[in-house]
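Each chain is listed here by its residues.
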Amino acid sequence: MAKVLTPKEEDYSQWYNDLVLKADLAENSSVRGCMVIKPYGYAIWEKIQQTLDRMFKETGHVNAYFPLFIPKSFLSKEASHVEGFAKECAVITHYRLKNSSDGKGVIVDPEAKLEEELIVRPTSETIIWNTYKNWIQSYRDLPLLINQWANVVRWEMRTRLFLRTAEFLWQEGHTAHATKEEAMEEALKMIDVYKTFAENTLAIPVIQGRKTENERFAGALETYTIEAMMQDGKALQSGTSHFLGQNFAKAFDVKFLNSKGELEYVWATSWGVSTRLIGAVIMTHSDNHGLVLPPQIAPLQVIIIPIYKSETERQQVLDYGKDILHELKHHGISVKFDDRDTHKPGWKFAEYELKGVPIRVAIGPKDIENKQVEIARRDTLDKFYVSRDTLIEQIKSLLNEIQQNIFKKALNFRNNNTYEITHIDELKSNIENGGFFVAYWEGTKEDEKLLNEQTKATIRCILPEESSSTGKCIISGKETKKRVIIAKAY
RNA sequence: CGGGGUGUAGCGCAGUUGGUUAGCGCGCCACGUUCGGGACGUGGAAGUCGGUGGUUCGAGUCCACUCACCCCGACCA
């Protein structure tokens, strides 16, 4: 008996916390609100990065890197942008320390005060648009399609591993376009990329929509979002793409000469996903035994565990297993053979279940004799024997099947916890149990605030209009085509 | 930033009205028996009791201050 998780049913957030720590994904650091991402957790992030990076490049984007620090004056150039971020900025005021007079340490040297304070980027629109000003003169310089992989800092009051940390890793795309239509198309294209990635790679079903004015990104004219439902019925905003209009171009005076020789302001988008996605993966698929990882981002897809008694058996099992190891590697499968003699098989079974390895292959003397192996799949915990001859093919298709299965499971869960409502009372009486509530909405900003105060829920997104059918807004009673998802959110 | 709570070995905790050498479980190390679902035995290492100051013959224990972390709210990806 070693690592026991708090059961989900008992305390969901405790379960989440236990899991992150015990699966060795991350831990709290001695810096308030900042986490240490441990090798296993970082390996998942690397998988996420690799896939997304490829998708960004396939859609014509390139990577670059901009400074961590932003002069304070830059941030205030776009009024609503600074308003949104001002309350959570880390500020650098000095550039030097000196020995304290009591000799016990160092103090900030008051002589070394910066002329202008620097802000640790909470997001990079301002520093990037200040740079784009120098890069863009003519329509021939457009579009500019740039992404950066970086860390950002937002001084959050309350933090939770992966879901909300003061420093987090993300990617932020910042694009510049000659026309409104092209920028809008880009913003929509990227939210599509995120949706595809979430569903195909992370196996997380998401609802795509746009944010209400209240929930929009600071400085955006339109924010598109993908919203996922966690196992406790709460929503997690998993990626956003913003149509920024000409706000930043105007704030930073970025103009280009069009083919007719006229000066115009540039149109912009920005879009990002963060290490929060790891939290989304955990809270979508995992169970009381530990992590359940989608094969596509599992750092380890297959674990091989030997079972033996005597030294001769050990040699035989090792030979048999090494063979399988090399063959799987040859087929591009990420696999490890845990031949450590310091832990017993049962211990290893539990350990790799905790870590969410999709497929476990166990081999003992019995299996060598029968030319087979025992396979256990992490998603269903089913165990069965597979002939050695067809093993490789079966593992390949099983990885695929697991990927599909956990997606379907998550989709069913979401469908079963999504409710169409026609009156706000239905929301009030059911919101405590979580879930997505679909309602017609034609309310004002104030109505939205009222909704939040009364139910603790928020409008997660406005759904795309699929048909021309209409209904009555649950607050104002106005007839409308607009439908929204309401839910409690992380 | 308001309300509540906790700081004792790597982790989880116990420690009586102040009284010698501060314990327990897990983990760790060594050896042996084990090995198809988190093994067992024997021995061992590991602690400035969050910090500072005070009361006292004597403080993990009492007092003051302070720091850190956790939970609940307001804020947020």
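Just so it is clear, the model here is predicted, and its values are computed rather than measured.

*Asks:* How would you summarise the pattern of salt bridges if you had to cite specific residues and measurements?
*Replies:* What the rule picks out here adds up to 28 salt bridges. Of the charged contacts in the structure, one is a salt bridge between K488 and E432, with a shortest N-O distance of 3.6 Å. Taken as a pair, K488 in the segment after β27 (483-487) and E432 in the loop between α13 (424-430) and β23 (436-440) lie far apart in primary sequence, 56 residues in all. Using a relative accessible area of 59% as the deciding quantity, one classes E432 as exposed. Look at the salt bridges and you will find they share partners, linking K211, E215, E227 and R460 into a network.

*Asks:* Tell me what's going on with the pairing of strand β13 (residues 235-245), and back it up with residues and numbers.
*Replies:* Most of β13 sits inside the fold, with 10 of its 11 residues counted as buried. Bridge count between strand β12 (residues 222-229) and β13: 8 bridges; the pairing is antiparallel. Residue pairing across strands places Y224 opposite S241, the latter belonging to β13. What sits between the antiparallel neighbours β12 and β13 is a turn of 5 residues, in which G233 has the positive phi angle 85°. When β13 meets strand β16 (residues 267-274), the two strands line up antiparallel, connected through 5 bridges. What sits directly across from H242, in β16, is S270.

*Asks:* I'd like a rundown of the domain arrangement of chain A, residues and numbers included.
*Replies:* The assigned domain composition of chain A is domain 1 (12-65 + 134-285), domain 2 (302-399) and domain 3 (418-487). Placing the centre of domain 2 and that of domain 3 at their C-alpha centroids yields a distance of 50 Å.

*Asks:* Any chance you could break down the sheet that holds strand β19 (residues 359-363) for me, citing the residues and the numbers?
*Replies:* Strand order in this open sheet of 5 strands is β18-β17-β19-β20-β21, and the pairing throughout is mixed. The open sheet has two free edges, formed respectively by β18 (335-337) and β21 (383-387), since each of these has just one partner strand. Averaged over all pairs of adjacent strands, the angle between their axes in this sheet comes to 25°, without regard to strand direction. Note that strand β17 (residues 302-306) and β18 share 3 bridges and pair parallel. Each residue of the ladder has a partner; that of V302, found in β18, is V335. Most of the contacts of helix α10 (residues 345-354) go to β17, to which it runs at about 170°, and overall it touches β17, β18 and β19. Here helix α12 (residues 391-416) sits on the sheet and contacts β17, β19, β20 (372-377) and β21; the angle it forms with β20, its principal contact strand, is near 10°.

*Asks:* So what's going on with α10? Residues and values would help.
*Replies:* If you check which residues of α10 are buried, you get K348, E351, Y352, E353 and L354. Of the surrounding secondary structure, the elements contacted by the buried residues of α10 are α1 (12-22), β17, β18 and β19. G356, located one to two residues past α10, shows a positive phi value of around 75°.

Rules used throughout
Residues numbered from 1 in each chain as written. Chains lettered and ligands numbered in written order. Predicted model: local features only at pLDDT ≥ 70, side-chain atom pairs only at ≥ 80, totals over all residues. Heavy atoms only, no water. Salt bridge = Lys/Arg side-chain N within 4 Å of Asp/Glu carboxyl O. Helix = DSSP H or I, 4+ residues; strand = E, 2+ residues; numbered from the N terminus. Buried < 20%, exposed > 50% of the residue type's maximum accessible area, 1.4 Å probe, protein only. Pairing = 2+ DSSP bridges. Domains from an automatic or database assignment. Axes fitted to C-alpha atoms, helices over the stretch in contact; angles between N-to-C directions. Contact = heavy atoms within 4.5 Å.

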